[in-house]
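Architecture and fold: a report
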Amino acid sequence: MVPRRPEPPSPALLRALLALAASATALALVCAWGWLRARAERMSLDALSPEDRQVLTERLLAASPGAFVPALFEPAVGFTLRPGARIEAWGDAFTANEIGYRTVPLDRGGNRAFRVVFLGDSWTFGLGVKEGESFPARFEELADRLGAARGRVQAVNLGLPGYNTLNQVAALEFFYDRLRPDAVVICPTANDADSTGNVLPNGSLTSAGVERDAFGDPFLQFRLRLADSYTLRSRWRRAFGEIRRLEQRLGKRRVPLFIFFAATWEEAFAHALLRDSGVAAPYVITPRALATGRWRNPPPWEHGNAAANRLYGHMVYKAMAEVLGWPAPPAAEEAAAEVAVHRRPPGDGSRLREILARETQRLPSEYEPPGAEIQCPGTIHCATGLMGKASLLLVRRRPGARRLAVTLRRLPGARSLYPLPVEISIPSPSGGTRTATIVPASGPREHRVVLDIPDDLPAGTALDVLIRAERAVSAPRVAAPRSLLVAGIDQE
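Okay, so let's go over this structure. None of the values given here were measured: they were computed from a predicted structure.

A look at the sheet that holds strand 18 (residues 446–452)
Note: strands within a sheet are paired through backbone hydrogen bonds, in either parallel or antiparallel orientation. Taken together, five strands build an open sheet; the order of strands is 12-13-22-15-18 and the sheet is antiparallel. Across the chains shown, the open sheet's two edge strands, defined by having one partner strand only, are strand 12 (380–381) and strand 18. As paired elements, strand 15 (residues 403–409) and strand 22 (residues 484–491) share six bridges and run antiparallel to each other. Its bridge partner being in strand 22, R409 is matched across the sheet by L485.

Some words on the packing of helix 5 (residues 135–145) against helix 9 (residues 306–324)
Two elements in contact, helix 5 and helix 9, have axes separated by 7 Å at closest approach and are oriented at 55 degrees. With respect to each other, helix 5 and helix 9 are oriented oblique. Handedness of the helix 5/helix 9 crossing: right-handed. On helix 9, the residues that touch F135, R138, F139, L142 and A143 of helix 5 are N309, R310, Y312, G313, H314, V316, Y317 and M320.

As for the sheet that holds strand 7 (residues 183–186)
Overall, parallel pairing links the five strands, which are arranged 6-5-7-10-11 in an open sheet. In this open sheet, the two strands that pair with only one neighbour each are strand 6 (153–157) and strand 11 (283–285). On average, each strand axis in the sheet is inclined to that of its neighbour by 20 degrees, with strand direction left out of account. Here five bridges tie strand 5 (residues 114–119) to strand 6, and the two strands are oriented parallel to one another. Residue pairing in the sheet places F118 in a bridge with N157 of strand 6. Packing against the sheet, helix 6 (residues 165–179) makes contact with strand 5, strand 6 and strand 7, and its axis sits at approximately 155 degrees to strand 5.

A closer look at the pattern of salt bridges
According to the stated counting rule, one finds 28 salt bridges in the structure shown. The closest approach of N and O atoms between E373 and R223, which form a salt bridge, is 3.9 Å. Residue E373 is found in the loop between helix 10 (350–360) and strand 12, and its partner R223 is found in the loop between strand 9 (205–206) and helix 7 (230–252); the two are separated by 150 residues along the sequence. The class for R223 is partly exposed, based on a relative accessible area of 24%. E423 is the partner of R434 in a salt bridge, and the nearest nitrogen-oxygen pair spans 3.3 Å. Here the residue R434 occupies a position in strand 17 (residues 433–439), and E423 occupies one in strand 16 (residues 420–426), the gap between them amounting to eleven residues. Members of the salt-bridge network, linked through shared partners, are E266, R358, E359 and R362.

About the cut-offs
Position labels on residues start from 1 in each chain and follow its written sequence. Predicted model: local features are reported for residues with pLDDT of at least 70 only, side-chain atom pairs are reported and counted for 80 or more only, and whole-chain, interface and lining totals are derived from all residues. For side-chain calculations, the full set of non-hydrogen atoms in the structure is used, while hydrogens and water are omitted. By this definition, two strands are paired if DSSP reports at least two bridges between them. Each helix corresponds to a stretch of at least 4 residues labelled H or I by DSSP, and each strand to a stretch of at least 2 residues labelled E; elements are numbered beginning at the N terminus. Only the stretch in contact is used when fitting a helix axis, every axis being a line fitted to C-alpha atoms; angles between N-to-C directions are given from 0 to 180 degrees. Oblique is the label for every angle not falling under 35 degrees (roughly parallel), over 145 degrees (roughly antiparallel), or within 65 to 115 degrees (roughly perpendicular). Note: crossing handedness is left-handed where the near helix turns anticlockwise from the far helix by less than a right angle, and right-handed where it turns clockwise. Any pair of residues with heavy atoms lying within 4.5 Å of one another is described as a contacting pair. Salt bridge, as applied in this entry: a Lys or Arg side-chain nitrogen positioned within 4 Å of an Asp or Glu carboxyl oxygen. Between buried and exposed lies partly exposed: a residue is buried under 20% and exposed over 50% of the maximum accessible area for its type, with that area taken using a 1.4 Å probe on protein chains only.

Right, dumping it as C-alpha coordinates:
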(Lines give C-alpha, C1' and ligand atoms only; values in the text may rest on other atoms or scores of the structure.)
Protein backbone atom coordinates (compact mmCIF):
# COMPACT_ATOMS: atom_id res chain seq x y z
CA MET A 1 0.00 0.00 0.00
CA VAL A 2 1.38 3.39 -0.97
CA PRO A 3 1.51 5.77 2.00
CA ARG A 4 -0.86 8.74 1.78
CA ARG A 5 0.92 11.90 0.68
CA PRO A 6 0.71 14.59 3.39
CA GLU A 7 -1.06 17.87 2.72
CA PRO A 8 1.09 20.83 1.58
CA PRO A 9 3.12 22.15 4.52
CA SER A 10 2.33 25.36 6.31
CA PRO A 11 4.90 28.19 6.02
CA ALA A 12 6.20 27.41 9.50
CA LEU A 13 6.62 23.74 8.63
CA LEU A 14 8.36 24.55 5.37
CA ARG A 15 10.83 26.78 7.20
CA ALA A 16 11.55 23.95 9.64
CA LEU A 17 12.08 21.48 6.80
CA LEU A 18 14.53 23.88 5.22
CA ALA A 19 16.36 24.36 8.47
CA LEU A 20 16.67 20.63 9.06
CA ALA A 21 17.94 20.07 5.52
CA ALA A 22 20.45 22.88 5.88
CA SER A 23 21.76 21.48 9.17
CA ALA A 24 21.95 17.95 7.72
CA THR A 25 19.87 16.46 10.50
CA ALA A 26 18.44 14.12 7.89
CA LEU A 27 19.81 14.10 4.38
CA ALA A 28 17.08 13.94 1.74
CA LEU A 29 18.68 11.66 -0.79
CA VAL A 30 16.28 12.38 -3.54
CA CYS A 31 14.54 15.25 -5.20
CA ALA A 32 13.31 16.37 -1.79
CA TRP A 33 16.80 17.74 -1.12
CA GLY A 34 16.46 20.52 -3.67
CA TRP A 35 12.87 21.18 -2.67
CA LEU A 36 13.71 21.45 1.02
CA ARG A 37 16.64 23.80 0.39
CA ALA A 38 14.85 26.13 -2.01
CA ARG A 39 14.87 28.98 0.56
CA ALA A 40 17.01 28.23 3.61
CA GLU A 41 15.86 29.86 6.85
CA ARG A 42 16.71 28.94 10.42
CA MET A 43 13.92 28.26 12.82
CA SER A 44 13.36 26.55 16.16
CA LEU A 45 11.22 23.40 16.16
CA ASP A 46 9.54 24.85 19.24
CA ALA A 47 7.66 27.23 16.92
CA LEU A 48 5.84 24.37 15.19
CA SER A 49 2.35 23.22 16.04
CA PRO A 50 1.90 19.54 17.03
CA GLU A 51 0.28 18.90 13.64
CA ASP A 52 3.21 20.43 11.75
CA ARG A 53 5.70 18.43 13.80
CA GLN A 54 3.91 15.23 12.83
CA VAL A 55 3.91 16.16 9.12
CA LEU A 56 7.58 17.15 9.39
CA THR A 57 8.45 13.68 10.66
CA GLU A 58 6.40 12.01 7.93
CA ARG A 59 8.14 14.00 5.22
CA LEU A 60 11.63 13.37 6.52
CA LEU A 61 10.95 9.64 6.76
CA ALA A 62 9.49 9.62 3.25
CA ALA A 63 12.64 11.26 1.88
CA SER A 64 15.03 9.02 3.81
CA PRO A 65 12.92 6.18 5.19
CA GLY A 66 15.33 4.14 7.30
CA ALA A 67 15.71 1.36 4.76
CA PHE A 68 19.52 1.34 4.60
CA VAL A 69 22.32 -0.53 6.32
CA PRO A 70 26.01 0.42 6.08
CA ALA A 71 28.16 -1.77 3.84
CA LEU A 72 30.56 -2.76 6.61
CA PHE A 73 31.77 -5.64 4.41
CA GLU A 74 33.15 -3.10 1.88
CA PRO A 75 33.08 0.59 2.84
CA ALA A 76 33.50 1.67 -0.80
CA VAL A 77 29.99 0.32 -1.49
CA GLY A 78 28.65 2.74 1.12
CA PHE A 79 25.34 1.07 1.94
CA THR A 80 22.63 -1.26 0.69
CA LEU A 81 19.02 -1.86 1.59
CA ARG A 82 18.34 -4.26 4.46
CA PRO A 83 18.81 -7.67 2.79
CA GLY A 84 15.64 -9.75 2.66
CA ALA A 85 13.59 -7.03 4.38
CA ARG A 86 10.08 -6.01 3.42
CA ILE A 87 10.31 -2.28 2.70
CA GLU A 88 7.65 0.37 2.09
CA ALA A 89 9.36 3.44 0.69
CA TRP A 90 9.57 5.80 -2.28
CA GLY A 91 6.07 5.00 -3.49
CA ASP A 92 6.52 1.22 -3.53
CA ALA A 93 6.33 -1.85 -1.30
CA PHE A 94 8.90 -4.54 -2.07
CA THR A 95 11.28 -7.11 -0.63
CA ALA A 96 15.00 -6.42 -0.95
CA ASN A 97 16.95 -9.36 -2.36
CA GLU A 98 19.65 -11.28 -0.54
CA ILE A 99 22.37 -8.67 -1.18
CA GLY A 100 20.19 -5.65 -0.39
CA TYR A 101 18.78 -4.29 -3.66
CA ARG A 102 15.29 -3.85 -5.11
CA THR A 103 15.75 -6.49 -7.76
CA VAL A 104 15.46 -10.20 -8.48
CA PRO A 105 17.07 -12.93 -6.36
CA LEU A 106 20.48 -13.86 -7.72
CA ASP A 107 19.81 -17.58 -8.07
CA ARG A 108 19.48 -18.06 -11.84
CA GLY A 109 17.36 -21.17 -11.44
CA GLY A 110 17.38 -24.06 -13.89
CA ASN A 111 17.61 -22.09 -17.14
CA ARG A 112 20.53 -19.72 -17.41
CA ALA A 113 19.41 -16.28 -18.56
CA PHE A 114 21.53 -13.62 -20.28
CA ARG A 115 22.10 -11.40 -17.24
CA VAL A 116 22.43 -7.62 -17.63
CA VAL A 117 23.51 -5.78 -14.47
CA PHE A 118 22.44 -2.14 -14.18
CA LEU A 119 24.48 0.27 -12.03
CA GLY A 120 23.07 3.63 -11.03
CA ASP A 121 21.39 5.87 -8.49
CA SER A 122 17.79 6.87 -7.81
CA TRP A 123 16.96 7.20 -11.53
CA THR A 124 18.06 3.62 -12.18
CA PHE A 125 16.33 2.46 -9.00
CA GLY A 126 13.13 4.01 -10.32
CA LEU A 127 12.27 6.46 -7.56
CA GLY A 128 8.52 6.99 -7.36
CA VAL A 129 7.58 4.03 -9.60
CA LYS A 130 7.07 0.36 -8.86
CA GLU A 131 9.94 -2.09 -9.23
CA GLY A 132 8.43 -3.53 -12.43
CA GLU A 133 8.06 -0.01 -13.88
CA SER A 134 11.75 0.92 -13.58
CA PHE A 135 13.64 1.11 -16.85
CA PRO A 136 15.85 -1.96 -16.17
CA ALA A 137 12.63 -3.99 -15.76
CA ARG A 138 11.18 -2.40 -18.90
CA PHE A 139 14.37 -3.27 -20.79
CA GLU A 140 14.06 -6.90 -19.67
CA GLU A 141 10.41 -6.99 -20.73
CA LEU A 142 11.24 -5.68 -24.21
CA ALA A 143 14.24 -7.98 -24.66
CA ASP A 144 12.19 -11.04 -23.72
CA ARG A 145 9.35 -10.02 -26.00
CA LEU A 146 11.74 -9.71 -28.97
CA GLY A 147 13.61 -12.93 -28.22
CA ALA A 148 16.97 -11.24 -27.67
CA ALA A 149 20.01 -13.36 -26.76
CA ARG A 150 18.19 -16.44 -28.11
CA GLY A 151 16.60 -17.00 -24.74
CA ARG A 152 15.59 -15.22 -21.57
CA VAL A 153 17.19 -11.89 -20.63
CA GLN A 154 17.35 -10.96 -16.96
CA ALA A 155 17.95 -7.44 -15.63
CA VAL A 156 19.57 -7.09 -12.20
CA ASN A 157 19.15 -3.58 -10.82
CA LEU A 158 21.88 -2.39 -8.42
CA GLY A 159 20.68 1.22 -8.52
CA LEU A 160 20.05 2.88 -5.15
CA PRO A 161 19.02 6.40 -4.09
CA GLY A 162 22.10 8.26 -2.85
CA TYR A 163 24.72 6.25 -4.76
CA ASN A 164 27.48 7.96 -6.74
CA THR A 165 29.68 6.49 -9.47
CA LEU A 166 32.27 5.17 -7.01
CA ASN A 167 29.61 3.29 -5.00
CA GLN A 168 28.15 1.83 -8.18
CA VAL A 169 31.46 0.47 -9.47
CA ALA A 170 32.42 -0.83 -6.02
CA ALA A 171 29.09 -2.67 -5.68
CA LEU A 172 29.59 -4.48 -8.99
CA GLU A 173 33.15 -5.46 -8.10
CA PHE A 174 32.26 -6.71 -4.64
CA PHE A 175 29.27 -8.79 -5.77
CA TYR A 176 30.72 -9.76 -9.17
CA ASP A 177 31.14 -13.48 -8.49
CA ARG A 178 27.55 -13.74 -7.30
CA LEU A 179 26.20 -11.63 -10.16
CA ARG A 180 28.16 -13.22 -13.03
CA PRO A 181 26.94 -10.63 -15.56
CA ASP A 182 26.86 -11.16 -19.31
CA ALA A 183 26.68 -7.39 -19.88
CA VAL A 184 26.83 -4.29 -17.68
CA VAL A 185 25.01 -0.96 -18.10
CA ILE A 186 26.21 1.96 -15.98
CA CYS A 187 23.77 4.88 -15.80
CA PRO A 188 25.41 8.15 -14.69
CA THR A 189 23.31 11.13 -13.67
CA ALA A 190 24.51 14.71 -13.28
CA ASN A 191 24.92 14.43 -9.47
CA ASP A 192 26.96 11.22 -9.43
CA ALA A 193 30.10 13.11 -8.44
CA ASP A 194 28.46 14.18 -5.17
CA SER A 195 29.39 12.63 -1.83
CA THR A 196 27.77 9.57 -0.30
CA GLY A 197 26.01 9.97 3.04
CA ASN A 198 26.54 8.02 6.24
CA VAL A 199 23.87 5.66 7.55
CA LEU A 200 22.26 6.72 10.82
CA PRO A 201 21.23 4.12 13.45
CA ASN A 202 17.62 4.30 12.21
CA GLY A 203 18.69 3.45 8.64
CA SER A 204 18.40 6.96 7.15
CA LEU A 205 21.28 8.86 5.55
CA THR A 206 23.06 11.94 6.81
CA SER A 207 25.91 14.17 5.68
CA ALA A 208 27.06 14.55 9.30
CA GLY A 209 30.32 12.77 10.06
CA VAL A 210 31.60 12.68 6.46
CA GLU A 211 34.93 14.42 7.00
CA ARG A 212 36.57 13.04 3.84
CA ASP A 213 34.55 11.34 1.17
CA ALA A 214 35.77 8.78 -1.37
CA PHE A 215 37.03 11.62 -3.57
CA GLY A 216 39.13 13.04 -0.72
CA ASP A 217 36.93 16.08 -0.09
CA PRO A 218 34.51 17.00 2.69
CA PHE A 219 30.85 16.19 2.08
CA LEU A 220 29.82 17.96 -1.15
CA GLN A 221 26.59 18.34 -3.10
CA PHE A 222 27.03 20.63 -6.09
CA ARG A 223 24.02 22.71 -7.10
CA LEU A 224 25.75 24.35 -10.05
CA ARG A 225 26.43 21.22 -12.10
CA LEU A 226 28.50 22.80 -14.88
CA ALA A 227 30.67 25.32 -13.07
CA ASP A 228 34.24 25.64 -14.34
CA SER A 229 35.40 24.45 -10.92
CA TYR A 230 38.67 22.55 -10.54
CA THR A 231 37.22 20.48 -7.68
CA LEU A 232 34.06 19.54 -9.57
CA ARG A 233 35.91 18.65 -12.77
CA SER A 234 38.49 16.64 -10.80
CA ARG A 235 35.73 14.63 -9.20
CA TRP A 236 34.23 13.83 -12.61
CA ARG A 237 37.67 12.82 -13.92
CA ARG A 238 37.98 10.44 -10.96
CA ALA A 239 34.48 9.05 -11.57
CA PHE A 240 35.06 8.36 -15.25
CA GLY A 241 38.55 7.10 -14.55
CA GLU A 242 36.85 4.43 -12.43
CA ILE A 243 34.48 3.67 -15.30
CA ARG A 244 37.45 3.31 -17.64
CA ARG A 245 39.15 0.89 -15.26
CA LEU A 246 35.88 -1.01 -14.93
CA GLU A 247 35.68 -1.22 -18.72
CA GLN A 248 39.18 -2.69 -18.85
CA ARG A 249 38.41 -5.29 -16.18
CA LEU A 250 35.19 -6.28 -17.92
CA GLY A 251 37.03 -6.47 -21.24
CA LYS A 252 39.37 -9.10 -19.82
CA ARG A 253 36.29 -11.07 -18.79
CA ARG A 254 34.69 -10.54 -22.22
CA VAL A 255 31.74 -8.72 -20.70
CA PRO A 256 30.55 -5.70 -22.72
CA LEU A 257 29.93 -2.36 -21.01
CA PHE A 258 27.26 0.13 -22.07
CA ILE A 259 26.61 3.63 -20.75
CA PHE A 260 23.18 5.19 -20.40
CA PHE A 261 23.32 8.86 -19.39
CA ALA A 262 20.11 9.08 -17.36
CA ALA A 263 18.14 12.15 -16.20
CA THR A 264 19.13 15.57 -17.58
CA TRP A 265 22.52 16.11 -19.19
CA GLU A 266 24.17 18.74 -21.34
CA GLU A 267 25.17 16.51 -24.24
CA ALA A 268 28.47 18.35 -24.71
CA PHE A 269 29.44 17.52 -21.12
CA ALA A 270 28.58 13.83 -21.51
CA HIS A 271 30.63 13.64 -24.72
CA ALA A 272 33.58 15.39 -23.03
CA LEU A 273 33.60 12.95 -20.12
CA LEU A 274 33.95 10.04 -22.55
CA ARG A 275 36.53 11.83 -24.69
CA ASP A 276 38.75 12.86 -21.77
CA SER A 277 38.56 9.53 -19.92
CA GLY A 278 39.22 7.29 -22.91
CA VAL A 279 36.12 5.19 -22.18
CA ALA A 280 35.25 3.41 -25.43
CA ALA A 281 31.89 1.86 -24.47
CA PRO A 282 28.88 2.64 -26.67
CA TYR A 283 26.52 5.13 -25.04
CA VAL A 284 23.23 6.94 -25.33
CA ILE A 285 22.12 10.21 -23.72
CA THR A 286 18.60 10.80 -22.46
CA PRO A 287 17.04 13.72 -24.34
CA ARG A 288 16.36 16.50 -21.85
CA ALA A 289 12.74 16.68 -23.03
CA LEU A 290 12.17 13.11 -21.78
CA ALA A 291 13.41 13.82 -18.25
CA THR A 292 11.41 16.96 -17.56
CA GLY A 293 7.84 18.24 -17.68
CA ARG A 294 5.17 15.60 -18.24
CA TRP A 295 7.77 12.81 -18.07
CA ARG A 296 8.50 13.42 -14.37
CA ASN A 297 6.60 12.25 -11.33
CA PRO A 298 5.03 15.03 -9.26
CA PRO A 299 6.61 16.03 -5.93
CA PRO A 300 7.99 14.64 -3.74
CA TRP A 301 9.69 12.22 -6.18
CA GLU A 302 10.25 14.26 -9.37
CA HIS A 303 12.06 11.47 -11.20
CA GLY A 304 11.06 9.75 -14.43
CA ASN A 305 7.48 8.48 -14.30
CA ALA A 306 6.32 5.07 -15.50
CA ALA A 307 5.85 6.26 -19.10
CA ALA A 308 9.33 7.80 -19.13
CA ASN A 309 10.92 4.63 -17.73
CA ARG A 310 9.34 2.64 -20.55
CA LEU A 311 11.10 4.94 -23.05
CA TYR A 312 14.41 4.69 -21.15
CA GLY A 313 14.21 0.89 -21.34
CA HIS A 314 13.69 1.21 -25.12
CA MET A 315 16.81 3.42 -25.43
CA VAL A 316 19.00 0.97 -23.52
CA TYR A 317 17.70 -1.96 -25.54
CA LYS A 318 18.37 -0.12 -28.81
CA ALA A 319 22.01 0.47 -27.83
CA MET A 320 22.57 -3.14 -26.83
CA ALA A 321 20.76 -4.50 -29.88
CA GLU A 322 22.95 -2.51 -32.27
CA VAL A 323 26.13 -3.79 -30.66
CA LEU A 324 25.13 -7.38 -29.83
CA GLY A 325 23.15 -8.10 -32.98
CA TRP A 326 19.82 -8.52 -31.21
CA PRO A 327 16.51 -7.94 -33.04
CA ALA A 328 15.87 -4.26 -33.69
CA PRO A 329 13.21 -2.71 -31.44
CA PRO A 330 9.94 -1.43 -32.84
CA ALA A 331 9.51 2.32 -33.23
CA ALA A 332 9.46 4.09 -29.89
CA GLU A 333 6.21 5.53 -28.59
CA GLU A 334 7.85 8.97 -28.58
CA ALA A 335 10.00 10.18 -31.49
CA ALA A 336 12.50 11.75 -29.07
CA ALA A 337 13.31 8.27 -27.74
CA GLU A 338 14.90 7.29 -31.08
CA VAL A 339 18.29 8.36 -29.79
CA ALA A 340 21.67 8.00 -31.45
CA VAL A 341 23.96 5.25 -30.21
CA HIS A 342 27.38 6.86 -29.94
CA ARG A 343 30.52 4.82 -30.58
CA ARG A 344 32.88 7.77 -30.15
CA PRO A 345 32.36 11.31 -28.81
CA PRO A 346 31.69 13.94 -31.50
CA GLY A 347 33.10 17.45 -31.52
CA ASP A 348 36.24 19.02 -30.09
CA GLY A 349 35.02 20.34 -26.74
CA SER A 350 34.51 23.95 -27.82
CA ARG A 351 30.78 23.76 -27.10
CA LEU A 352 31.46 22.57 -23.54
CA ARG A 353 33.87 25.47 -22.95
CA GLU A 354 31.12 27.88 -23.96
CA ILE A 355 28.63 26.22 -21.61
CA LEU A 356 31.06 26.19 -18.66
CA ALA A 357 31.88 29.86 -19.16
CA ARG A 358 28.20 30.78 -19.32
CA GLU A 359 27.24 28.75 -16.25
CA THR A 360 30.17 29.98 -14.17
CA GLN A 361 29.02 33.55 -14.79
CA ARG A 362 26.11 32.74 -12.48
CA LEU A 363 28.53 32.63 -9.53
CA PRO A 364 29.06 35.88 -7.61
CA SER A 365 32.66 37.01 -7.26
CA GLU A 366 32.17 37.45 -3.49
CA TYR A 367 30.38 35.60 -0.73
CA GLU A 368 28.49 37.36 2.02
CA PRO A 369 25.58 35.81 3.93
CA PRO A 370 22.92 35.34 2.79
CA GLY A 371 24.79 33.82 -0.13
CA ALA A 372 23.52 32.19 -3.29
CA GLU A 373 22.88 28.47 -2.74
CA ILE A 374 24.95 27.60 -5.82
CA GLN A 375 27.99 28.91 -3.94
CA CYS A 376 27.68 26.37 -1.13
CA PRO A 377 28.19 22.71 -2.12
CA GLY A 378 29.68 21.87 1.26
CA THR A 379 28.26 21.46 4.77
CA ILE A 380 27.48 25.12 5.31
CA HIS A 381 24.24 27.01 5.84
CA CYS A 382 24.60 29.45 2.97
CA ALA A 383 22.12 31.93 4.41
CA THR A 384 24.15 32.46 7.60
CA GLY A 385 27.67 31.17 6.86
CA LEU A 386 27.41 28.60 9.67
CA MET A 387 29.73 25.78 8.56
CA GLY A 388 30.64 22.28 9.66
CA LYS A 389 34.13 21.03 10.36
CA ALA A 390 35.06 21.46 6.69
CA SER A 391 33.30 23.07 3.80
CA LEU A 392 33.72 24.38 0.26
CA LEU A 393 32.49 27.69 -1.13
CA LEU A 394 32.60 28.87 -4.74
CA VAL A 395 33.30 32.37 -6.04
CA ARG A 396 34.06 33.47 -9.61
CA ARG A 397 37.54 34.91 -10.13
CA ARG A 398 37.36 38.60 -10.88
CA PRO A 399 39.66 40.06 -13.59
CA GLY A 400 42.76 41.55 -12.03
CA ALA A 401 42.26 39.91 -8.63
CA ARG A 402 45.44 38.46 -7.12
CA ARG A 403 44.46 37.58 -3.56
CA LEU A 404 41.45 36.19 -1.73
CA ALA A 405 40.37 37.45 1.69
CA VAL A 406 38.24 35.21 3.92
CA THR A 407 36.57 36.63 7.01
CA LEU A 408 35.81 34.09 9.75
CA ARG A 409 33.72 34.67 12.87
CA ARG A 410 33.66 32.78 16.17
CA LEU A 411 30.51 30.94 17.16
CA PRO A 412 28.70 32.55 20.08
CA GLY A 413 28.48 30.32 23.14
CA ALA A 414 31.26 27.92 22.05
CA ARG A 415 34.23 29.19 24.08
CA SER A 416 35.83 25.77 24.46
CA LEU A 417 36.27 25.55 20.69
CA TYR A 418 38.81 28.39 20.50
CA PRO A 419 41.62 29.03 19.77
CA LEU A 420 40.81 27.01 16.63
CA PRO A 421 43.41 26.03 13.99
CA VAL A 422 41.98 26.46 10.47
CA GLU A 423 43.42 25.78 7.02
CA ILE A 424 42.15 27.59 3.92
CA SER A 425 43.13 26.44 0.43
CA ILE A 426 42.31 27.01 -3.24
CA PRO A 427 43.08 23.85 -5.27
CA SER A 428 44.26 24.14 -8.87
CA PRO A 429 46.03 22.01 -11.52
CA SER A 430 49.44 23.25 -10.33
CA GLY A 431 48.76 22.33 -6.70
CA GLY A 432 46.94 25.45 -5.59
CA THR A 433 47.60 27.70 -2.63
CA ARG A 434 46.93 27.31 1.06
CA THR A 435 47.45 29.06 4.36
CA ALA A 436 47.02 28.15 8.02
CA THR A 437 45.62 30.40 10.70
CA ILE A 438 44.23 30.28 14.24
CA VAL A 439 40.87 31.78 15.11
CA PRO A 440 41.59 33.31 18.54
CA ALA A 441 39.53 32.82 21.67
CA SER A 442 39.34 36.55 22.48
CA GLY A 443 39.54 39.91 20.81
CA PRO A 444 37.49 40.92 17.77
CA ARG A 445 34.96 38.27 16.77
CA GLU A 446 35.96 38.50 13.12
CA HIS A 447 39.27 37.10 11.88
CA ARG A 448 40.47 37.99 8.36
CA VAL A 449 42.73 35.62 6.40
CA VAL A 450 44.37 36.41 3.03
CA LEU A 451 45.91 33.97 0.54
CA ASP A 452 47.12 34.15 -3.04
CA ILE A 453 44.90 33.06 -5.91
CA PRO A 454 46.65 30.37 -8.02
CA ASP A 455 47.99 31.82 -11.26
CA ASP A 456 46.68 28.89 -13.32
CA LEU A 457 43.02 29.69 -12.54
CA PRO A 458 42.11 32.40 -15.08
CA ALA A 459 39.54 35.14 -14.61
CA GLY A 460 35.99 33.90 -15.05
CA THR A 461 36.63 30.44 -13.60
CA ALA A 462 35.36 29.27 -10.23
CA LEU A 463 37.63 29.49 -7.19
CA ASP A 464 37.08 26.54 -4.84
CA VAL A 465 37.60 27.94 -1.35
CA LEU A 466 38.13 24.96 0.95
CA ILE A 467 37.99 25.72 4.68
CA ARG A 468 38.97 23.02 7.19
CA ALA A 469 38.76 23.49 10.95
CA GLU A 470 40.66 21.21 13.31
CA ARG A 471 37.54 20.42 15.37
CA ALA A 472 33.88 21.25 15.74
CA VAL A 473 31.08 21.19 18.32
CA SER A 474 27.31 20.85 18.26
CA ALA A 475 26.07 24.40 17.97
CA PRO A 476 22.84 25.60 19.66
CA ARG A 477 19.67 24.51 17.82
CA VAL A 478 21.69 22.54 15.25
CA ALA A 479 22.05 18.75 15.48
CA ALA A 480 25.26 18.66 13.45
CA PRO A 481 28.91 19.63 14.00
CA ARG A 482 29.68 23.34 13.61
CA SER A 483 33.03 25.12 13.85
CA LEU A 484 32.69 28.79 12.85
CA LEU A 485 30.84 31.29 10.70
CA VAL A 486 32.14 32.39 7.30
CA ALA A 487 31.28 36.09 7.37
CA GLY A 488 32.57 36.90 3.90
CA ILE A 489 34.89 36.16 0.98
CA ASP A 490 36.18 38.90 -1.28
CA GLN A 491 38.98 39.43 -3.80
CA GLU A 492 41.81 41.96 -3.87
